[in-house]
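Below, each chain spelled out in residue letters.
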Amino acid sequence: MTDRLPGFDTLAIHAGAAPDAATGARATPIYQTTSFVFDDVDHAASLFGLQAFGNIYSRIGNPTCSVLEERVAALEGGTAALAVASGHAAEFLTFHTLLQPGDEFIAARKLYGGSINQFNHAYKNFGWNVVWADSDDPSSFEAAITPRTKAIFVESIANPGGVIVDLQAIAAIAKKHRIPFIVDNTMASPYLIRPFEHGADIIVHSATKFLGGHGNSVGGLIVDGGSFNFAGDDRYPMLSKPRPEYGGMVLAETFGNFGFAIAARVLGLRDLGPALSPFNAFLILNGIETLPLRMQRHSDNALAVAEHLANHSKVSWVSYPGLRSDRYHNLAKQYCPKGAGAVFTFGLKGGYEAGVKLVSNLKLFSHLANIGDTRSLVIHPASTTHRQLSDEQKTQAGAGPEVVRLSIGLEDKEDLIEDLNQALDAA
Amino acid sequence: MLIELPCPIPYGLAMDHSNYPNDYIRGILNSVKTIALVGASANPARPSWIVTKYLLERGYDVIPVNPGIAGTELLGKKVYGSLAEVPGPIDMVEIFRNSEAAGPLTDEALALDPLPKVIWMQLSVRNDEAAARAEAKGIKVVMDRCPKIEFGRLSGEISWQGVNSRMLSSKKPVLSGKGFQKLGLNRP
Ligand SMILES: Cc1ncc(COP(=O)(O)O)c(C=O)c1O
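Residues numbered from 1 in each chain as written. Chains lettered and ligands numbered in written order. Predicted model: local features only at pLDDT ≥ 70, side-chain atom pairs only at ≥ 80, totals over all residues. Heavy atoms only, no water.

**Things to note about the overall build of chain A**
- Scanning chain A from terminus to terminus reveals 17 helices and 14 strands.
- Here the C-alpha atoms of chain A give a radius of gyration of 22 Å, agreeing with the 22 Å that 2.2 N^0.38 yields for 427 residues.
- Across its three principal axes, chain A shows a C-alpha extent of roughly 70 × 55 × 45 Å.
- Looking at chain A as a whole, 60% of its 427 residues are labelled buried.
- In chain A, 71% of the contacts between residues at least 6 apart in sequence involve partners at least 24 apart.
- Charge centroids of chain A, computed over 34 positive and 43 negative side chains, lie 3 Å from each other. (Helix = DSSP H or I, 4+ residues; strand = E, 2+ residues; numbered from the N terminus. Rg over C-alpha atoms; globule rule 2.2 N^0.38 Å. Buried < 20%, exposed > 50% of the residue type's maximum accessible area, 1.4 Å probe, protein only. Contact = heavy atoms within 4.5 Å. Lys, Arg positive; Asp, Glu negative; His and termini not counted. Charge placed at Lys NZ, Arg CZ, Asp CG, Glu CD.)

The following block contains the structure:
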């Protein structure tokens, strides 16, 4: 082997995926099976005791899913990963591995709305308390730290787009206080931003979006950066204390720098159950093979559309960090020089009514609540996802009556611009 | 041909004791047969027990060494109180103790006749002075690595756990053992 390391595009196709050992199948087979036969009783005991590598039951692990895991671990530069049923499941199992009832974590206020709900409401049932901070002001994270703070959570590029987070500044605070730093890298994907290189300890993904990339499969990933030493750290008993589930095994000791990923699997996924189907894993893997090509095209198209809208007479503002005038442009140049992603928002001078008309006039853009599809997508948050909020709350959430969110797809950018033009003319 | 990234932790390319080429590790795991495992534990939850079991299943002749349980049987193997008490030649001494203890244990290994071919210190165990003494006698040294993880990584087994093996290959992994759940070290 020469001293050249494989590049990102090579990893996107090959990492984790050798030909099938039994049949030689070159594409990763869909191991659509619940269970795997043991060689003998002793082999079964070894697998259940975490003493041998191998497959038992597809809730805990599956060979199609594990190719996806290794692929994403390689693309992010992590030590290991865990594939789960959705992005939300990835967040859930990550916090379940780190937090005890009564614990706190600090999260950036600008996040995907579903994550805000999950943190504010669902997690309250587990006694996990979110404390909100301002990702535009890293010192607000430090100010929020208490002895019960067990994690810090941000999105690298925050949904609904347009916000680039200064990962290094927040990572420095997390490191100083020895708190694991979790980054949701869904919107950027490892092609645009690799958070471990900026100090993240754990990465989560909604693979539903750009990793899968074709709008056909819900899935999630947790990636272990291997950088946080949980061994001997009493604050994280899942990792540092003898586990009764495994005869007193200490996972951080036994599995070293991929102990977090193993703990999320054998204490989280095994017991709580949000497993990814092998079929979804296969589709997401197929998507990832073209991730570098797609992300570049997504970003280039988005910049072209954002530039066009910024000069349109019916548009009051455009929030896209790829635009030179944008307040996040310098952070974008630092963290994602190849492009600022596919998703952004803009404001219509005509307000709520114009937003409603725009989405119904568009012919190529699909009106739906997702991002990261080959197809271009549009949503008017005030009349859909944020409908139940007061006008003031809508504005605070970045979903004021005039706001439209786009997820730019892989079509010809001229066709996207023409569709927006005709719909704006009629709005 | 495998495209191989160097051992996973830490990242880098040159051969030194932070960074072993895969061929070096594979060469060791292919050439040794008798492994004296110092610090063997009778507790199945301990990493040393797990590694002993795994290496036995892979066909290595593992000889547990631990003065605290000398004379007992561990996984069907007789436990010895020290390296000197082990009858017959030892190919590799695997040190499952802390970094400080690895010093005198290395000296015990260097007093063996014949000398072992390899001294391997477990993940998190590192003693550079001891390594230098062993290398001066022509013994290969590995530090801060786990033979089970390395075997799993080089064979591809560890990929089933979602671990980044840092190996890319367009060739099939090699099946070994009776089922489909054991892979061999020597992929084409
Ligand atoms: C940034 C981000 N994180 C997490 C999620 C949740 O992912 P999923 O819908 O796959 O559960 C989403 C979904 O929109 C998202 O955009």
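**Overview of the site of the ligand**
All names here are of chain A.
- Surveying the vicinity of the ligand reveals 15 residues, the closest of which are Gly-87, Asp-184, Ser-206, Thr-208 and Lys-209.
- Take Gly-87: an N or O atom from its main chain is 2.8 Å from an oxygen atom of the ligand.
- Between the ligand and the protein, one listed contact pairs an oxygen atom with a side-chain N or O atom of Ser-206 at 2.8 Å.
- Starting from 390 Å² of accessible surface for the ligand in isolation, the protein chains cover 92%.
- In terms of residue count, helix H4 (residues 87-98) provides more of the shell around the ligand than any other element does, three residues in total.
- In the shell around the ligand, the residues fall into three nonpolar, eight polar and four charged. (Near = heavy atom within 4 Å. Polar contact = N/O pair within 3.5 Å; in protein donor to acceptor, adjacent residues only side chain to side chain. Areas by Shrake-Rupley, 256 points an atom, 1.4 Å probe, with all protein chains shown as cover. Nonpolar A, V, L, I, M, F, W, Y, C, P; charged D, E, K, R; others polar.)

**A short note on the pairing of strand E11 (residues 343-348) of chain A**
All names here are of chain A.
- Among the six residues that make up E11, six are buried, leaving the element largely enclosed by the rest of the structure.
- Residues Val-343, Thr-345 and Gly-347 line one face of E11 and the alternating positions Phe-344, Phe-346 and Leu-348 line the opposite face, and both faces are buried.
- Where strand E10 (residues 315-319) and E11 come together, four bridges link them in antiparallel fashion. Looking across to E11, one finds that Trp-317 is bridged to Gly-347.
- Bridge count for E11 against strand E14 (residues 403-407) is five bridges, and the pairing is antiparallel. Bridge pairing links Phe-346 to Val-404 in E14. (Pairing = 2+ DSSP bridges.)

**Section: the UniProt feature "modified residue: N6-(pyridoxal phosphate)lysine" (unreviewed entry) in chain A**
Residues and elements named next belong to chain A.
- Those residues carrying the UniProt feature "modified residue: N6-(pyridoxal phosphate)lysine" (unreviewed entry) are Lys-209 in this numbering.
- With respect to the element layout, Lys-209 can be found in the loop between strand E8 (202-206) and strand E9 (220-224).
- Under the relative-accessibility criterion, Lys-209 is labelled buried at 15%.
- Ignoring sequence-local partners within four residues, the contact set of Lys-209 consists of Thr-186, Asn-370, Ile-371 and Gly-372. (UniProt positions renumbered as here; feature names shortened; annotations may be inferred.)

**A word on the nonpolar core**
Residues and elements named next belong to chain A.
- If you look at the biggest cluster of nonpolar residues, it comprises 166 residues, and the most contacted ones within it are Leu-68, Phe-95, Phe-105 and Phe-181.
- It is helix H11 (residues 259-272) that provides the largest number of residues to this core, a total of eight residues.
- Here this core spans two domains, since at least three of its residues come from each of domain 1 (8-288) and domain 2 (291-426).
- Residue contacts for Phe-105: discarding those within four places in its chain leaves Phe-95, Leu-99, Phe-119, Tyr-123, Trp-128, Asn-129, Val-130, Val-131 and Ala-151.
- Formed by 26 residues, the second largest nonpolar core is a distinct cluster that contains Val-305, Leu-323, Leu-348 and Leu-362. (Core = buried A, V, L, I, M, F, W, Y, C linked by side-chain atoms within 4.5 Å. Domains from an automatic or database assignment.)

**Some remarks on the interface of chain B and chain A**
- Each partner contributes residues to the interface: chain B has 44 residues there, and chain A has 51 residues.
- Between chain B and chain A, a total of about 3800 Å² is buried, with carbon and sulfur atoms accounting for 57% of that surface.
- Counting across the interface, chain B meets chain A through three salt bridges.
- The residue A:Asp42 makes a salt bridge to B:Lys53 at a minimum N-O spacing of 3.6 Å.
- Counting every contact that joins chain B to chain A gives 12 residue pairs in polar contact (both at pLDDT 80 or more).
- If you list the elements that add at least two residues to the side of chain B that touches chain A, you get strand E1 (3-4), helix H2 (47-57) and helix H5 (147-155) of chain B.
- With six residues, H2(B) is the largest single contributor of residues to the side of chain B that touches chain A.
- Residues belonging to the side of chain B that touches chain A are distributed by class as follows: 22 nonpolar, 10 polar and 12 charged. (Buried area = accessible area lost by both parts, 1.4 Å probe. Salt bridge = Lys/Arg side-chain N within 4 Å of Asp/Glu carboxyl O.)

**Topic: the packing of aromatic side chains**
Residues and elements named next belong to chain A.
- Scanning all chains against the criterion turns up 25 aromatic pairs over all chains.
- Every member of this aromatic cluster is reached through a ring pair, and the members are Phe-92, Phe-95, Phe-105, Phe-119, Tyr-123, Phe-126, Trp-128, Trp-132 and Phe-153.
- The ring of Tyr-236 has Lys-150 lying over it, and the distance from NZ or CZ to the ring centre is 5.8 Å.
- One residue, Lys-338, lies across the ring of Tyr-191, its end atom 4.1 Å from the ring centre. (Phe/Tyr/Trp six-rings, centres within 6.5 Å; stacked < 30°, edge-to-face > 60°. Lys NZ or Arg CZ within 6 Å of the ring centre and 35° of its normal.)

**Observations concerning the domain arrangement of chain A**
Residues and elements named next belong to chain A.
- Domain annotation for chain A reports domain 1 (8-288) and domain 2 (291-426).
- Placing a centre on the C-alpha atoms of domain 1 and another on those of domain 2 gives a separation of 29 Å.
- Between domain 1 and domain 2, the contact holds 36 residues from the first and 32 residues from the second.
- Across the interface of domain 1 and domain 2, roughly 2700 Å² is buried in total on both sides, 60% from carbon and sulfur atoms.
- Our count for the domain 1 to domain 2 interface comes out at one salt bridge.
- Among the ionic pairs, Asp-136 bridges to Arg-327, the shortest N-O distance being 3.4 Å.
- Listed by contribution, the elements that provide at least two residues to the side of domain 1 that touches domain 2 are helix H1 (8-14), strand E6 (163-164), helix H7 (167-176), helix H8 (189-192) and helix H12 (278-289).
- The element best represented in the side of domain 1 that touches domain 2 is H8, accounting for four residues.

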